[in-house]
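# Overview (structure and organization)
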Amino acid sequence: MIKCSPRLVLILFLLPGPAAPSIFSQTETELVRINTPYVQTPQEVVSAMLELAHVTSEDTVYDLGCGDGRIAIAAARDYGAHAVGIDINPDRVRESMENASKAGVTGLVEFVQKDFFDADLSHATVVAFYLLPEVNRELLPKLLRVLKPGTRIVSHAFDFGGWKPEQAVVVSGCKVFLWTVPANTTDILAHHPKER
Ligand SMILES: C[S@@+](CC[C@H](N)C(=O)[O-])C[C@H]1O[C@@H](n2cnc3c(N)ncnc32)[C@H](O)[C@@H]1O
């Protein structure tokens with residue numbers, strides 16, 4: 001069984017991201033947005049994320065930076081939810097589609113090759129991700145602008161910095177955080193850097 005460990009978190013910080021070869025032509029903002037490397041969430045942590053968010057068959061789960069599609073696929077396979085996985089890396093999207101096919105959930109899941117900063121997330125009722133802390137912080141204003149009140153957000157490993165989670169659990173040494181988008185986001189955004 002894979003356990004979360006300081007080493008895994010260290011790898012997440014040190015590995016070059018999928019877009020590393022082109023970093024010299026990119027702005028600092030673009031770099032923050034795409035530099036999360038590919039590290040998998042252990043399956044038991046995926047299950048804990050979906051349980052913490054109380055995913056049901058009524059949900060549409062968006063898996064931001066979906067990797068091999070494990071969060072979206074588990075949401076469909078284990079809860080009957082609709083799910084959308086988004087990854088910037090076409091190899092990850094291909095792998096996710098193959099995995100969805102093997103899991104028999106192609107009717108419930110969709111995978112899109114895109115920068116999640118440019119994606120329409122407005123249909124999500126649950127948003128899940130495993131990204132670097134600075135990417136979480138960059139993402140928060142967009143999430144609060146486009147997500148409906150009541151949408152649950154679950155993150156593996158890192159929080160948003162300022163906005164305190166309503167629940168935080170540790171599973172196999174991995175942290176998992178839960179938030180619910182409130183009707184009024186003014187206070188949260190007032191203490192957070194503006195959307196770029
Ligand atoms: C730490 S991995 C997590 C993979 C998977 N969600 C999991 O938990 O096993 C982060 C993923 O985010 C993707 N990624 C990084 N920046 C992205 C962006 N701006 N838009 C879409 N995908 C991105 C990477 O290609 C990588 O697959």
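Structure report, in brief. Quick caveat: nothing in here was measured; it's all calculated off a predicted structure.

Here we take up the pairing of strand β3 (residues 109-113). Where strand β2 (residues 82-87) and β3 come together, five bridges link them in parallel fashion. Bridged to Val84 within β3 is Glu110. Once the chain exits β2 it traverses helix α5 (residues 90-103) before rejoining the sheet at β3, and the crossover so formed is right-handed.

Around the ligand there are 25 residues in total, and Thr41, Gly65, Gly67, Ile88 and Tyr130 lie nearest to it. Broken down by secondary-structure element, the contributors of at least two residues to the shell around the ligand are α2 (28-34), α4 (70-79) and β2.

Turning next to the packing of helix α3 (residues 43-52) against α4. At their nearest, the axes of α3 and α4 sit 10 Å apart, and the two run at 65° to each other. Here α3 and α4 pass one another in a crossing that is right-handed. Contacts from Gln43, Val46, Ser47, Met49 and Leu50 of α3 reach α4 at Arg70, Ile71, Ala74, Ala75, Asp78 and Tyr79. For the contact of α3 with α4, a count of residues per class yields seven nonpolar, two polar and two charged.

On to the environment of Thr186. With respect to the helices and strands, the residue Thr186 is situated in helix α7 (residues 186-190). Taking the C-beta count within 10 Å as the criterion, Thr186 has 8 such neighbours and is therefore assigned exposed. Between the C-alpha atom of Thr186 and that of Leu144, which follows or precedes it by 42 residues, the distance is 9.4 Å.

Let us look at α4. Since there are 3.6 residues in each turn of an α-helix, residues three or four apart along the chain are aligned in direction. For α4, the tally of buried residues reaches eight of 10 residues, placing the bulk of the element in the interior. Against the buried residues of α4 lie α3, β1 (60-64), β2, α5, β3 and β4 (126-129). Phi turns positive, to about 70°, at Gly80, one or two residues after α4.

The next subject is α5. Between the first and last C-alpha of α5 there are 20 Å, a value that for 14 residues agrees with the 20 Å anticipated at 1.5 Å per step. Of the residues making up α5, those classed as buried are Arg92, Val93, Ser96, Asn99 and Ala100. The buried residues of α5 occupy an angular sector of 125° when projected down its axis, which confines them to one face. Structural note: α5 exposes Pro90, Asp91, Ser101 and Lys102 on the side pointing more than 90 degrees away from its buried face. Summarising the contacts, the buried residues of α5 are in contact with α4, β2 and β3.

Reading the values: the criteria
Residues numbered from 1 in each chain as written. Predicted model: local features only at pLDDT ≥ 70, side-chain atom pairs only at ≥ 80, totals over all residues. Pairing = 2+ DSSP bridges. Helix = DSSP H or I, 4+ residues; strand = E, 2+ residues; numbered from the N terminus. Right-handed = clockwise from strand over helix to strand, strands pointing away. Near = placed C-beta within 6 Å. Axes fitted to C-alpha atoms, helices over the stretch in contact; angles between N-to-C directions. Left-handed = near helix turned anticlockwise from the far one by under 90°. Contact = placed C-beta atoms within 7 Å. Nonpolar A, V, L, I, M, F, W, Y, C, P; charged D, E, K, R; others polar. Buried ≥ 20, exposed ≤ 12 C-beta atoms within 10 Å, placed from the backbone. Expected span 1.5 Å × (residues − 1). Arc of directions from axis to C-beta.

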